[in-house]
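Breakdown of the fold
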Amino acid sequence: MRALVQTVSRASVTVDGAVVGAIEDGLLVLVGVTHSDTPEISGTLARKVHELRILDDEQSAADTGAPLLVVSQFTLYGDARKGRRPTWIAAARPEVAEPLIEEFCKALRDRGATVETGRFRTHMLVESVNVGPRTVLLEV
């Protein structure tokens, strides 16, 4: 699994004109799943994201209670090394990825995190105002 984590002053996901998830002063987390990922990997990634010291004064969401907006992002596994058209062959199929994204969110909530989400398999408009900007790519 991969997670692209960004500090944001606000972020939201809109589907069909309705906001389905929104946070302020937290982390926008774009998560991609590959074929070999497991629920255990989801839990490990959730811990790493929650404890990532990317916020002001080297604090984490676990330290501050900052909310997280989790958005599935299969394109994190895009590969354009052989040209300009990426291949998505390393990205897990939706029926594999969706339960692992849900497990990732559950693991965060089990740690006490406030988690908002996008909506899987929809066309989402993701808006964010980055702070810093601070962006980290994590992989498990």
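Now for a look at the structure at hand.

Analysis parameters
- Residues numbered from 1 in each chain as written.
- Predicted model: local features only at pLDDT ≥ 70, side-chain atom pairs only at ≥ 80, totals over all residues.
- Heavy atoms only, no water.
- Pairing = 2+ DSSP bridges.
- Helix = DSSP H or I, 4+ residues; strand = E, 2+ residues; numbered from the N terminus.
- Axes fitted to C-alpha atoms, helices over the stretch in contact; angles between N-to-C directions.
- Phe/Tyr/Trp six-rings, centres within 6.5 Å; stacked < 30°, edge-to-face > 60°.
- Core = buried A, V, L, I, M, F, W, Y, C linked by side-chain atoms within 4.5 Å.
- Buried < 20%, exposed > 50% of the residue type's maximum accessible area, 1.4 Å probe, protein only.
- Contact = heavy atoms within 4.5 Å.

1. With respect to the sheet that holds strand β3 (residues 68–72)
- Spatially, five strands are ordered β4-β3-β2-β1-β5 in an open sheet, and the strand pairing comes out mixed. Single-partner strands in this sheet number two, and they are β4 (115–117) and β5 (125–139). Each strand of the sheet is rotated relative to its neighbour by a mean of 35°, with strand direction disregarded.
- Two elements, strand β1 (residues 2–15) and β5, share 11 bridges in a ladder whose sense is antiparallel. For R2, the partnering residue across the bridge sits in β5 and is E139.

2. Some words on the packing of aromatic side chains
- Counting across every chain of the model gives one aromatic pair.
- Here the aromatic rings of F74 and W88 are separated by 5.4 Å at their centres, their planes lie at 80°, and the arrangement is edge-to-face. With F74 in the loop between β3 and α3 (94–110) and W88 in the loop between β3 and α3, the pair connects residues that are 14 residues apart, well separated along the chain.

3. Remarks on the nonpolar core
- The biggest cluster of nonpolar side chains holds 29 residues, and the ones touching the most others in it are V29, V31, V49, V70 and F104.
- Elements represented by at least two residues in this core include exactly β1, β2 (18–32), α1 (39–51), β3 and α3.
- Counting residues per element, this core draws most heavily on α3, which supplies seven residues.
- Beyond its immediate sequence surroundings of up to four residues, V49 is in contact with A3, V5, L27, V29, L68, F104 and L138.
- Counting 11 residues, the second-largest nonpolar core is a separate cluster that includes V15, I23, L28 and L76.

4. Side note on the environment of A62
- You can see A62 is positioned in helix α2 (residues 61–64).
- Given the relative accessible area of 37%, A62 is considered partly exposed.
- A C-alpha to C-alpha distance of 25 Å links A62 and L76, two positions 14 residues apart in sequence.
- Contact partners of A62, with chain neighbours within four places excluded, come to H50 and E51.

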